[in-house]
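Examining the three-dimensional arrangement
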Amino acid sequence: MYTLIYDYIELCEKEEFTGFQDEKIIQDVPLFNTEDKYICLTFDDGPHPEYTPQILDILKENQAQATFFLFGKFAEQYPSIVQRILSENHEIGNHTYSHPTLTTLDLTEIEQEILAGEEAIQKSVNYRCNLFRPPYGIFANEIVEKVMALDYKFVLWSREIQVDDWKLPGTEKMVEEVLNKAKNGSIVLMHDAGGNRDQTVEATKKVIPLLKGMGYKLITISDLIKVHENP
């Protein structure tokens, strides 16, 4: 069905992998000619009734923005959290309706998944996502083209920063991974649902003040792109 299937999480674990050279696949947003430093925290698989509000509280306390890639099914279940994400000036991205491995579906089914996810979000807010992230980071070139044809930017995350919060590596290890490998324009992958996310919440609480202390401003992916286009 697809000429070549990519597992981005698996690829990022290989030293020889230097990232995709295709500009259509956003992994980070290199910023070289800016006086300020910027980084984006992203949270996948929510909203979650316990963890997402805690993360939103932390972001608010620290005057930081983030991008949330929402699972459509959960967006339907927790509309007030979707509304809060937007009302506090964060960004929402499409993460499909039911979180399938996209390469098990044909392109028509993928389109249905994406549009159903969008419709679920729009039941809560008057908003149209501009960004799409594939579940599990698994995709093919044909899927990238389909996503772009539906008028979304195809977004992954910075390959150098492997927080791996779903493995529950420990809060300190997660914080160190971000601090040691952050660069201007990095996109950090974390999760606010899909399992126990206590470590993610605690890591978020610790890492944001430290990043700000290093001179970083925490903004959304779309704002990162704007800085890149207008340094």
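Residues numbered from 1 in each chain as written. Predicted model: local features only at pLDDT ≥ 70, side-chain atom pairs only at ≥ 80, totals over all residues. Heavy atoms only, no water.

1. A closer look at the pattern of salt bridges
Pairing is possible between side chains that carry opposite charge, provided their charged atoms lie close to one another. Let me state the cut-off plainly: What makes a salt bridge here is a side-chain nitrogen of Lys or Arg within 4 Å of a carboxyl oxygen of Asp or Glu, nothing more.
If you walk through the whole model with that rule in mind, you get 15 salt bridges. Salt bridges here are not isolated pairs; linked through shared partners, they connect Glu13, Asp164 and Lys167.

2. A look at the packing of helix α2 (residues 51-61) against helix α4 (residues 79-87)
The test is simple: Interaxial angles span 0 to 180 degrees and are taken between N-to-C directions of axes, which are lines fitted to C-alpha atoms, for helices over the stretch in contact. Helix numbering and strand numbering both begin at the N terminus, where a helix is a DSSP run of H or I of at least 4 residues and a strand a DSSP run of E of at least 2. Working rule for angles: under 35 degrees goes down as roughly parallel, over 145 as roughly antiparallel, 65 to 115 as roughly perpendicular, anything else as oblique. By convention the crossing between two helices is left-handed if the near helix lies anticlockwise of the far one by an angle smaller than a right angle, and right-handed if it lies clockwise. Residue contacts are counted whenever heavy atoms from the two residues lie within 4.5 Å of one another. Throughout, the ten residues Ala, Val, Leu, Ile, Met, Phe, Trp, Tyr, Cys and Pro are labelled nonpolar, Asp, Glu, Lys and Arg are labelled charged, and all others, Gly among them, are labelled polar.
Taken N-terminus to C-terminus, the directions of α2 and α4 make an angle of 15 degrees; their axes are 11 Å apart at the nearest point. What the angle tells us is that α2 and α4 run roughly parallel. Between α2 and α4 lies a crossing of left-handed hand. Counted together, Thr52, Pro53, Leu56 and Asp57 of α2 and Ile81, Arg84 and Ile85 of α4 form the full contact between these two elements. Broken down by class, the residue content of the contact of α2 with α4 amounts to four nonpolar, one polar and two charged.

3. Observations concerning the packing of aromatic side chains
Given two aromatic rings, their pairing is described by the distance between the two centres and the angle made by the two planes. Inclusion rule: Centres within 6.5 Å make a pair out of two Phe, Tyr or Trp rings, where for Trp the six-membered ring is used; the pair is then stacked when the planes are under 30 degrees apart, edge-to-face when over 60, and tilted otherwise. Burial status follows relative accessibility: with a 1.4 Å probe on protein chains alone, a residue under 20% of its type maximum counts as buried, one over 50% as exposed, and anything between as partly exposed. Geometrically, a charge over a ring is one whose NZ (Lys) or CZ (Arg) sits within 6 Å of the ring centre while staying within 35 degrees of the ring normal.
On inspection of all chains with the given rule, the structure shows 12 aromatic pairs. Consider the rings of Phe132 and Phe154, whose centres lie 6.3 Å apart with planes at 45 degrees: the pair is tilted. Highlighted residues: Phe132 in strand β6 (residues 131-132) and Phe154 in strand β8 (residues 153-155), separated in sequence by 22 residues. For the pair formed by Phe132 and Phe154, the shared burial category is buried. In textbook terms, an aromatic cluster arises when at least three aromatic residues are bridged by ring pairs, as seen for Tyr6, Tyr8, Phe17, Phe20, Phe132, Phe139, Tyr152, Phe154 and Trp157. Above the ring of Tyr216, the side-chain terminus of Lys37 is found at 4.4 Å from the ring centroid. Over the ring of Tyr152 we find Arg128; its NZ or CZ atom is 4.0 Å from the centre of that ring.

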